[in-house]
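# Architecture and fold: a report
Listed here are the chains, written in short residue letters.
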Amino acid sequence: MLMRRGYRSVGSIVGMVLIAVLVFIALGFSLVIISTFEKYGSLISAMLSERAASLAIAQSIQGWWLLQGGTLTVHLETSYPKTVLLTGVTVLWSDGSTTLMDQGNGTLSSVAITVKEPSGAVHNVAGLPVALGPGYRLNITLRAPAGVEPVSIVASFSASPAVVVIPVRRYVPPSGNVTPAPPPSGNYTSPAVSLQLLPQVLSGYTTATRIYQAVLSPSRVLEPSGYSIVYGTHVSGSLSSLSARDGDTLNIQSSGTVLCPAYTGWRYYREVTVTNPNPYSYTDIQVRIELDTTNFDFNKARSDGSDIRVLTEDCRPLPYWVEEWNTTAGRAVIWVKIPSIQANGRVKILLVYGNPSATQPDPDYYGLEKVMTPLPAGDGPGYTIQYQEWVMPRRGVIPGGTPMGWHADDGAWRYTLPFSFPFYDRRLSSVYVCSNGFISQSRITDWSDSTYELERRLMIAPFWEDLMTSGDAHDIYILSGYSDQYGSGVVIRWHTDFYWHHGVADFDVVLYENGLIRFDYGSINGYSGDRPTIGISLGDRRHYTISSYNNARASSLNNAPSLMFWPRKKPVRELEAEVGPERLFTIHRAGVEISYNTSGRISITGIEVYANDPGSPYSYQVSIISGGVPVYSVEAGNASGPLSISLSGLRIPVEGSFSVRIVVSRFTGFQLQLDLVSINASTVTITGSRIAIASEQSSSLLIYDPASGAAEQVDLTAAGLPGTGATLLAMDPVVRGASTWLWVLRGSRAVPYDLFRRQWLANKTITLGSSIAEGGFAASNGTHLYVYPGGGLDRVYVYSIENGTLVSTIQLPLAPGNYTSTAQAGSILYIHTGEAGRLLALSLSDGRVRDLGPVPALYPVGMDYDPDRGRLWAMLRGGELEYYDLAAGSWSAYPVTAPYYPMSPGDRLVYMDGKLYHVREDGTSSLLVLQLG
């Protein structure tokens, strides 16, 4: 290829000279620019730094003024992370006069300045300047001139390197029959309003909701009601033998069974744990198992691996294929097709071996065609269809075939395939065969090969180089009707030389009817610069496989091993396979199941089990069975010494009666001598005493208990949610055992958080059709998640909680605004549509929407349902509080106003036990508490 490029570049010398001149000019111009930038760069950098600091300060400081009874109150508060200096305040009065408060001005004897720190400490200062840290609040009061009022008030702040002037807004009391509250003064509370400080500063779009979770009573020891033998034979002892570790034991003689009766000739097996590290569930997905001398004894299997079998835990055979088996080197590679695996889940399979009579693999489940993904096939959630390369143990091209008489340099000829060839998600009925060593779907004759171009073209390239089939000695041969152990297909073989008539290149490609693709290599020699591009591509830059032979020296591929490409599902992250210890296929077990008659919801908090040494090594499994299903288990293999388990701090929810199953296994007979089984449990009560809070600027979900001040922060990114962004919260009404779920929606994902187990349920993740924006809302009825993503849409999307699919959409009569807030009362979701000006009622049972009429104000900053009074409480921008009486169907004002001016949208009002909790979002950590009368 180097010679070809050399010949074809002779005519470009003049162009290259011109390019060199242009490069020289550009270089000189660049040096001038660099010199100029060095001269002024530091100045520009300082200006940009000052501008950024000024903008940050301006966004972090808020101020309001109020004129009452001839007294002017100016209120300022800061959330800037550094200390700022208040250097001056200027008031322009309506008569044209001004009042200037700055450093050294001692003429304002009637001015009082009060500062409140985040700790709650309040102190007076004599004058300006005043240093204000994060969360500080400041009040300035002074007597106003008679008969005038402020026209404009500004405050000056400095924080190196920036100086900022902040406009102070007029405090506008809410309209209606309410009592307006002034901005905070020395007394920051009122009889109806108090303040709590959260452990987190909140800013931007913030949402909050009441959550319901389990509360546990003090733990107690449960009394068993009976037992039954599940494996083995009872020898002696009774239920009372298990009450204390005192040497009085329940004794069970083990019984021996073949693990899988259909495989009596096999001696050994190993458990292989397959782990899915992805938040996606898969079906018919391939996993690669690698064996070596550290995890497998090759001396116990047949030398060719023909006695290998792969089974499920319940002994059903699985499709498998041995890519490599090398007893001498102590290495093997086995591919297995897993029927199904849950998101972030695990499955166990059995690798069975050790049968001298098994001279052939299982013909019904063994083979590459059994493991591959049938084509055509498209991508799915969490995976793409890709071709996997296998370096085969065979060498050489396939001889024969019909010479096509295709003689050319850079020629391409259309060939109609004898069958419809499946390729990724489509079928090819014809291809173009190029003399330069590739086939494609269009007439491409490019001699200049590259990996970059391969990824962008639909190509099957066994040897893309600058080749020629000119002359009678060279041609392309086609052999149809070819078949071997991998299937039937067609062979396309090139007999070429390199441009210009140097070296030789013999190679072929086999297209199988089942979608397999094979590259074979014969006699190949060329110059050191001949480095072919080799691989397969769909041409979309997403579906391609670059061969391990790619860009190798052409001469190194002389009679090289053939390559087979087989299609499979390639997950985002490959499934992982861990090979366990060797075990005998005939196993001896002793087991007992102990019953407990309980009622209601309980949580198992502790398990203690003790048994004498049954003979080492042994394995055991202790399981909690509820409703006939194991809900918890602890197990170990290759254990030695006494069986001793002592677990505390557990949270295993069960409802009604349950049992504890204890099973011990060995490869020879033994007697299980069980001395102690003790279960501790607590009664579960579901209560709603906490608040969940999400701020768009935070990567954590805050769970807060107003009664105790206890707080818990939950990492949102651990669930695969974005670190920032508008967030919606929805409490699931169904109690599952003792588990309650809080749905958290951010970005384009919805993930439930188990409030009892304190863990994300990644396997329940729902992928949303739209990303969450301001003004969105979400609700759950236990079976479906209702999502309005915001962004000016006019419909609600309904997703199945069981499988995460979109099942329906609900048309709203209008598009809710950014200030939308909601409250759920049973199966009805009430929607205050913000700027759209209506109150809607959405049924979460049948999807019907009712318009309940106009709202008295357009900008709510939170709404919640009060079941004690049958009301919907809504706090409005500005701090006004209103309620909607569900029985009367009317709105009324409430005579308490929040002592600050809430501005930003976000549904962040929570009703709980006669109180309203409002979360501030203005760069403070305040939680307002309003005691309702």
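Residues numbered from 1 in each chain as written. Predicted model: local features only at pLDDT ≥ 70, side-chain atom pairs only at ≥ 80, totals over all residues. Heavy atoms only, no water.

## Some remarks on the overall build of the protein chain
For the protein chain, the helix and strand inventory stands at four helices and 69 strands. A compact globule built from 933 residues would reach a C-alpha radius of gyration of about 30 Å, whereas the protein chain, at 38 Å, exceeds it by more than 25%. Principal-axis analysis of the C-alpha atoms places the extent of the protein chain at approximately 110 × 100 × 50 Å. Out of the 933 residues belonging to the protein chain, those deemed buried represent 53%. Considering only intrachain contacts with a sequence separation of at least 6, the fraction spanning at least 24 residues in the protein chain is 66%. Summing over all exposed atoms, the protein chain offers an accessible surface of approximately 39200 Å²; the carbon and sulfur share of this is 50%. The centroid of the 67 positive side-chain charges in the protein chain is displaced by 1 Å from the centroid of its 77 negative side-chain charges. (Helix = DSSP H or I, 4+ residues; strand = E, 2+ residues; numbered from the N terminus. Rg over C-alpha atoms; globule rule 2.2 N^0.38 Å. Buried < 20%, exposed > 50% of the residue type's maximum accessible area, 1.4 Å probe, protein only. Contact = heavy atoms within 4.5 Å. Areas by Shrake-Rupley, 256 points an atom, 1.4 Å probe, with all protein chains shown as cover. Lys, Arg positive; Asp, Glu negative; His and termini not counted. Charge placed at Lys NZ, Arg CZ, Asp CG, Glu CD.)

## Overview of the domain arrangement of the protein chain
Once the domains are mapped, the protein chain shows domain 1 (59–170), domain 2 (220–258 + 587–682), domain 3 (261–381 + 576–581) and domain 4 (397–558). One C-alpha centre belongs to domain 1, the other to domain 3, and the line joining them spans 75 Å. (Domains from an automatic or database assignment.)

## Let's talk about the pairing of strand S24 (residues 346–353)
Pairing between strand S19 (residues 268–275) and S24: eight bridges, direction antiparallel. Within the sheet, the bridge partner assigned to Arg270 lies in S24 and is Leu351. Here four bridges tie strand S21 (residues 309–312) to S24, and the two strands are oriented antiparallel to one another. Bridge pairing in S24 links Val310 to Leu351. (Pairing = 2+ DSSP bridges.)

## Some details on the packing of aromatic side chains
For the structure shown, the criterion picks out 34 aromatic pairs. Seen in terms of ring centroids, Tyr282 and Tyr383 are 6.3 Å apart; in terms of plane orientation they differ by 65°. Their pairing is edge-to-face. Residue Tyr282 is found in strand S20 (residues 282–292), and its partner Tyr383 is found in strand S25 (residues 383–395); the two are separated by 101 residues along the sequence. In textbook terms, an aromatic cluster arises when at least three aromatic residues are bridged by ring pairs, as seen for Tyr268, Phe296, Phe298, Trp325 and Tyr353. Above the plane of the ring of Tyr477 lies Arg493, whose end atom (NZ or CZ) is 4.3 Å from the centre. Between Arg589 and the ring centre of Tyr231, over which it is positioned, the NZ or CZ distance is 5.1 Å. (Phe/Tyr/Trp six-rings, centres within 6.5 Å; stacked < 30°, edge-to-face > 60°. Lys NZ or Arg CZ within 6 Å of the ring centre and 35° of its normal.)

## So, the environment of Tyr894
Within the secondary structure layout, Tyr894 lies in strand S66 (residues 890–897). In this structure Tyr894 comes out as buried when scored by relative accessible area, which is 14%.

## Structural notes on the confidence of the model for the protein chain
Mean pLDDT for the protein chain: 88, with 91% of residues reaching 70 or above. Under a pLDDT of 50 for its full length, residues 36–40 has, in the predicted model, zero contacts with residues more than four places off or in other chains. Ignoring residues within four places in sequence, the model shows residues 173–191, a span with pLDDT below 50, making 32 contacts including any to other chains. (pLDDT = per-residue confidence, 0-100.)

## What about the side chain of Thr727?
Position of Thr727 among the secondary structure elements: in strand S50 (residues 727–731). For Thr727, the side chain forms a polar contact with the side chain of Arg746, separated by 2.7 Å. Thr727 has contacts with Tyr205, Thr207, Ala694, Val744, Leu745 and Arg746, leaving out every residue within four places of it along the chain. (Polar contact = N/O pair within 3.5 Å; in protein donor to acceptor, adjacent residues only side chain to side chain.)

## Here's the deal with the UniProt feature "domain: DUF2341" (unreviewed entry) in the protein chain
The sites that UniProt annotates as "domain: DUF2341" (unreviewed entry) are residues 304–360. Between the C-alpha atoms that bound residues 304–360 the distance is 9 Å, and the span itself is 0% helix and 53% strand. (UniProt positions renumbered as here; feature names shortened; annotations may be inferred.)

## What to know about the sheet that holds strand S58 (residues 806–811)
Across the sheet, four strands lie side by side as S55-S56-S57-S58; this open sheet has antiparallel pairing. Either end of the sheet is taken by a strand with one partner, and the two such strands are strand S55 (777–780) and S58. Here the strands of the sheet are splayed against their neighbours by 20° on average, with no regard to which way each runs. As defined by bridge partners, strand S56 (residues 784–788) adjoins strand S57 (residues 795–800) across four bridges and the pair is classed as antiparallel. Residue pairing for S57: Tyr786 is matched across the bridge by Val798. (Axes fitted to C-alpha atoms, helices over the stretch in contact; angles between N-to-C directions.)

## Here we look at the sheet that holds strand S8 (residues 137–143)
Spatially, the six strands line up as an open sheet ordered S6-S5-S8-S2-S1-S11, and their pairing is mixed. Looking at the sheet topology across the chains shown, the edges are occupied by strand S6 (122–125) and strand S11 (169–170). Alignment of strand S1 (residues 61–68) against S11, held across two bridges, turns out to be parallel. Each bridged residue has a counterpart across the sheet, and for Trp65 the counterpart in S11 is Arg170.

## Observations concerning the side chain of Asp530
Tracing the chain through its elements places Asp530 in the loop between strand S35 (517–525) and strand S36 (533–538). The exposure class of Asp530 is buried, given its relative accessible area of 0%. Within the structure, the side chain of Asp530 is placed 3.0 Å from the side chain of His502, a separation counted as a polar contact.

## A word on the pattern of salt bridges
Here the idea is simple: oppositely charged side chains can pair when their charged atoms come close. The tally for this structure, following the rule as stated, stands at 32 salt bridges. Across the pair Asp314 and Arg316 runs a salt bridge, and its minimum N-O distance is 3.2 Å. Across the salt bridge formed by Asp520 and Arg518, the nearest N and O atoms sit 3.0 Å from each other. Comparing Asp520 with Arg518 shows no difference in burial state: the two are buried. (Salt bridge = Lys/Arg side-chain N within 4 Å of Asp/Glu carboxyl O.)

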